[in-house]
Amino acid sequence: MTTERVPTPGNAVLLTLVGGIVLALVLTLLAGPTPGGVLLGADLAVAAVLRLVLPVRVAGALAVRSRGLDVAILVVLAVSCLVLAGVVPTPV
């Protein structure tokens, strides 16, 4: 008898966010640190909102600690990326 693994919604959430991170890295390589940093900050902000509104069963790997701590850490990282993207000079 074979057991079928049913994919959980948390896997889709995590894969989508990882895809955004990869896209931010590619954008950084192609267009510079500012657009890549903004996209990375936006991706982290989306992760914070998803962790805030989704139940643990759906949030999957985003649910590591308590909801408040996870959201706070993601917001701090998002704001940090956005501030650094605005501060770092774009190479000419």
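All figures in this text were calculated on a predicted structure; none of them were measured in a lab. (Residues numbered from 1 in each chain as written. Predicted model: local features only at pLDDT ≥ 70, side-chain atom pairs only at ≥ 80, totals over all residues. Heavy atoms only, no water.)

## Considerations on the packing of helix H2 (residues 33-53) against helix H4 (residues 67-87)
Look at H2 against H4: their axes get within 8 Å of each other, and the N-to-C directions meet at 165°. Judged on the interaxial angle alone, H4 and H2 are roughly antiparallel. In terms of crossing hand, the pair formed by H2 and H4 is left-handed. Along the lines of polarity and charge, the residues of the contact of H2 with H4 split into 18 nonpolar, three polar and three charged. (Axes fitted to C-alpha atoms, helices over the stretch in contact; angles between N-to-C directions. Helix = DSSP H or I, 4+ residues; strand = E, 2+ residues; numbered from the N terminus. Parallel < 35°, antiparallel > 145°, perpendicular 65-115°, else oblique. Left-handed = near helix turned anticlockwise from the far one by under 90°. Nonpolar A, V, L, I, M, F, W, Y, C, P; charged D, E, K, R; others polar.)

## Notes on the nonpolar core
In terms of nonpolar packing, the biggest core is built from 12 residues, these being Val13, Leu17, Leu44, Ala47, Ala48, Leu54, Val58, Ala59, Leu62, Leu74, Ala78 and Cys81. Those elements that place two or more of their residues in this core are helix H1 (9-31), H2, helix H3 (56-59) and H4. Beyond its immediate sequence surroundings of up to four residues, Leu17 is in contact with Asp43, Val46, Ala47, Leu50 and Leu62. (Core = buried A, V, L, I, M, F, W, Y, C linked by side-chain atoms within 4.5 Å. Buried < 20%, exposed > 50% of the residue type's maximum accessible area, 1.4 Å probe, protein only. Contact = heavy atoms within 4.5 Å.)

## Structural notes on the confidence of the model for the protein chain
Residue-level pLDDT values for the protein chain average 90, and 90% of them are 70 or greater. Highest mean pLDDT in the protein chain belongs to H4 (96); lowest belongs to H3 (87). (pLDDT = per-residue confidence, 0-100.)

## A few points about the pattern of salt bridges
Within the structure shown, the criterion is met by two salt bridges. When the shortest N-O distance is used, the salt bridge between Asp70 and Arg51 registers 2.9 Å. Taken together, the residues Asp70 in helix H4 and Arg51 in helix H2 connect sequence positions 19 residues apart. With relative accessibility at 2%, the residue Arg51 sits in the buried group. One connected set of salt bridges, linked through shared partners, spans Arg51, Arg65 and Asp70. (Salt bridge = Lys/Arg side-chain N within 4 Å of Asp/Glu carboxyl O.)

## As for the environment of Asp70
With a relative accessible area of 3%, Asp70 lands in the buried category. Spatially, the C-alpha atoms of Asp70 and Leu50 are 11 Å apart, while their sequence positions differ by 20 residues. Residues in contact with Asp70, not counting those within four places in the same chain, are Arg51, Leu62, Ala63, Val64 and Arg65. A polar contact is formed between the side chain of Asp70 and the backbone nitrogen of Val64, at a distance of 3.0 Å. (Polar contact = N/O pair within 3.5 Å; in protein donor to acceptor, adjacent residues only side chain to side chain.)

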